[in-house]
Amino acid sequence: MATAPSPTYSAVTLNINGEKHTLTVDHRTTLLDALRERLDMNGTKKGCDQGQCGACTVLIDKRRAVSCLQLAVAAEGREITTIEGVAEGEQLHPVQQAFLDLDGYQCGYCTPGQICSAVALIEEHAAGWPSAVTDDVRPEAGPPPLTADEIRERMSGNLCRCGAYVSIVQAVARAAGIASEAGPVPGSAQDGSTREGAAA
Amino acid sequence: MREFGYERAVDVSGALALLDADPDARFLGGGTNLVDLMKTGVERPGRLVDVRELPLDRVEPTGAGGLRIGATVTNSDLAAHPEVRRRYPALTQAVLAGASGQLRNMATVGGNLLQRTRCGYFADVSGPCNKRVPGSGCPAIEGEHHNHAVLGASGHCVATHPSDMGVALTAFGAVVEYETADGAGRVPLGEFYLPVGDTPHLETALPAGALITGVTLPAAPVAANSRYRKVRERASYAFAIGSIAAALDVRDGVVHEVRLAFGAVASRPWRAQVAERALTGGPADAGAFAAAADAELAAARPLPHNGYKVTLMRNLVVAVLSELAEEATR
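Residues numbered from 1 in each chain as written. Chains lettered and ligands numbered in written order. Predicted model: local features only at pLDDT ≥ 70, side-chain atom pairs only at ≥ 80, totals over all residues.

A. Fine view of the overall build of chain B. When helices and strands are tallied, chain B shows 13 helices and 12 strands. For chain B, the C-alpha radius of gyration of 20 Å lies close to 20 Å, the compact-globule estimate for 330 residues. Along the first, second and third principal axes, the C-alpha atoms of chain B reach 60 × 50 × 35 Å. Taken across its 330 residues, chain B has 55% of its residues classed as buried. (Helix = DSSP H or I, 4+ residues; strand = E, 2+ residues; numbered from the N terminus. Rg over C-alpha atoms; globule rule 2.2 N^0.38 Å. Buried ≥ 20, exposed ≤ 12 C-beta atoms within 10 Å, placed from the backbone.)

This is the structure we're talking about:
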């Protein structure tokens, strides 16, 4: 069969943080590059650009995804949430607030991805999803407690070259309601910590 | 990256027609491997046919006591599915051992089976690779091969298949289902990946132009007592250097049924049938597990820097089967 000519660009409408943006994209454009280079939304960061670091994490249809491996043209019709859309107006998302309160970063470059990932992690855990460190994955075993080990495993797709992992785990636990409701996370560096804010 | 056309398919027949119309077209699922390879120039399709929205996103019981998994089910949804966790827990464990939360949300079952090796020479378009450019040579054999194959490789290619999911699916006898313009077909996962031989660029038994529509897991009561264990060079978010999917049914101290498959040791998920046969009907103890592992691994042909995998796999067989045997008698 003859090959029909196939355009290499398309007009797409992307639904980002509740607003529709219509633009023409070369099909090679990733969602990450569309956000940063075309829509002036620089909160989402480019790290490795090959799906290995998590800096570009956004939510697509409420689930976390790496925007560097998501073609923009293939994201049409889906609900995209970036770090710019996580807060409710001036009210920070609990994950954002916890990262601020517990210093869940140093340089901050990986932080938007960390926060988007943590927002989704909390939802995944609430839905009862097991992880690779969950002892018994059978549904009868019930949802695993969100221990520090569970948080580390579930956040392993987000690298932090500053090594702020200790505070990141604390912040995710705080945001998930673990730290405030059940005391320090077992096995976390938050045990016995005198760090300001960590005891709340 | 080469420029390409993009079409979004809404049904299987439409997807097949779009692919058939362009010999340079490829199906796009989650894109976690294909888009990455397009960036580096390993893959250079002229058109992508996006199949992610096809109505193949269900996990459903079969009448015969198994499960049918649609090709566009995401890794996350497969791992979280209650019936997978209940009937085939090693499959959930295998999927969760792979990649990251972000990638599992994007990746699909069909795409997982068709992902390419992570051999560094395959990924480097500036050098030779028999899988990427047939006849150009295999630098891994005398180069960096500490995580390459010890079973079923050839003098033409020693790359491994990187899937975790596929190892558990292989242990449980999964069957791949596909559609072509000429009709539907099925092939057991154990026969899905072709022997390496002198054609490492020919990877699967899928006919040209075929679309994977799903995977069927036959009923396997033994799978309810199963485990996936993965060894890697960091605690999470890394490919295996060796992995095992195992299921065990012990009755009165005797192995009634056993399933074993190895990952990261061959060009395909490796069903350890020699070991399964050696174990069936015999004692369920560490000595028998070790002997069965040795029987399977007698075919291993390690290279100078990956001989540790033979020991690693032997130890994994003994450890995981011992755990399953102990738990079965509780």
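Read on for the rest.
B. Layout of the sheet that holds strand 9 (residues 226-231) of chain B. All names here are of chain B. Read from one edge of the open sheet, 4 strands run 9-10-11-12, paired in antiparallel fashion. Each edge of the open sheet carries a strand with a single partner, namely strand 9 and strand 12 (270-271). Both strand 9 and strand 10 (residues 242-251) contribute to a ladder of 6 bridges, which runs antiparallel. Bridged to R227 within strand 10 is A246. Where helix 5 (residues 89-97) meets the sheet, it contacts strand 9 and strand 10, and its direction lies at approximately 20 degrees from that of strand 9. Set on the sheet, helix 13 (residues 308-328) makes contact with strand 9, strand 10 and strand 11 (254-263); between it and strand 10 the angle comes to about 35 degrees. (Pairing = 2+ DSSP bridges. Contact = placed C-beta atoms within 7 Å. Axes fitted to C-alpha atoms, helices over the stretch in contact; angles between N-to-C directions.)

C. View of the interface of chain B and chain A. Every contact between the two is made by 33 residues of chain B and, on the other side, 36 residues of chain A. Put simply, the parts of the chain that give the side of chain B that touches chain A at least two residues each are strand 1 (5-8), helix 2 (34-40), strand 3 (47-50), helix 4 (82-87), helix 5 and helix 6 (101-106) of chain B. A class-by-class count of the residues in the side of chain B that touches chain A yields 14 nonpolar, 10 polar and 9 charged. (Nonpolar A, V, L, I, M, F, W, Y, C, P; charged D, E, K, R; others polar.)

D. Looking closely at the nonpolar core. Counting residues in hydrophobic clusters, the biggest one holds 165 residues, and the most contacted among them are V172 of chain A together with A168 and V317 of chain B. A domain-level breakdown of this core finds at least three residues from each of domain 1 (9-85) and domain 2 (94-182) of chain A. Setting aside anything within four residues of it in sequence, one finds A168 of chain B in contact with Y88, A90, L91, A94, Y228 and A245 of chain B. (Core = buried A, V, L, I, M, F, W, Y, C linked by C-beta atoms within 7 Å. Domains from an automatic or database assignment.)

E. Looking closely at the environment of D149 of chain A. All names here are of chain A. Examined against the element boundaries, D149 turns out to sit in helix 4 (residues 148-154). We classify D149 as partly exposed; it has 19 C-beta atoms within 10 Å. Along the sequence, D149 and V169 sit 20 residues apart, while their C-alpha atoms lie 9.1 Å from each other.

F. A look at the domain arrangement of chain A. All names here are of chain A. Annotation of chain A at the domain level lists domain 1 (9-85) and domain 2 (94-182). Spacing between the C-alpha centres of domain 1 and domain 2 amounts to 23 Å. Taken together, the contacts link 14 residues of domain 1 with 12 residues of domain 2. In terms of residue count, strand 3 (residues 57-60) provides more of the side of domain 1 that touches domain 2 than any other element does, 3 residues in total. Among the residues making up the side of domain 1 that touches domain 2, the classes are represented as 6 nonpolar, 5 polar and 3 charged.

G. Highlighting the confidence of the model for chain B. Averaged over chain B, the pLDDT score is 97; the fraction of residues at 70 or greater is 100%. We note a pTM of 0.95 for the whole complex and an ipTM of 0.97 for its interfaces. (pLDDT = per-residue confidence, 0-100.)

H. How the structure looks around the sheet that holds strand 8 (residues 211-217) of chain B. Residues and elements named next belong to chain B. What the 5 strands build is an open sheet, ordered 4-5-8-6-7; its pairing is antiparallel. If you trace the sheet from one side to the other, it starts and ends with strand 4 (59-61) and strand 7 (183-188), each paired once. Sheet twist, expressed as the average angle between the axes of neighbouring strands with direction ignored, equals 25 degrees. Pairing of strand 6 (residues 175-180) with strand 7, which is carried by 6 bridges, proceeds in the antiparallel orientation. Paired with E179 across the bridge in strand 7 is A184.

I. Broad picture of the packing of helix 2 (residues 94-101) of chain A against helix 5 (residues 165-175) of chain A. Residues and elements named next belong to chain A. Look at helix 2 against helix 5: their axes get within 8 Å of each other, and the N-to-C directions meet at 140 degrees. On the basis of their axis angle, the class for helix 2 and helix 5 is oblique. Judged by the twist between their axes, the crossing of helix 2 over helix 5 is right-handed. Of the residues in helix 5, those in contact with P94, V95, A98 and F99 of helix 2 are A171, R174 and A175. (Parallel < 35°, antiparallel > 145°, perpendicular 65-115°, else oblique. Left-handed = near helix turned anticlockwise from the far one by under 90°.)

J. Summary view of the environment of S156 of chain A. Tracing the sequence through the fold places S156 of chain A in the loop between helix 4 and helix 5. Through-space distance from the C-alpha of S156 of chain A to that of N17 of chain A is 25 Å; in sequence the pair is 139 residues apart. With near-sequence residues (within four places) excluded, S156 of chain A lies in contact with S100, S236 and Y237 of chain B.

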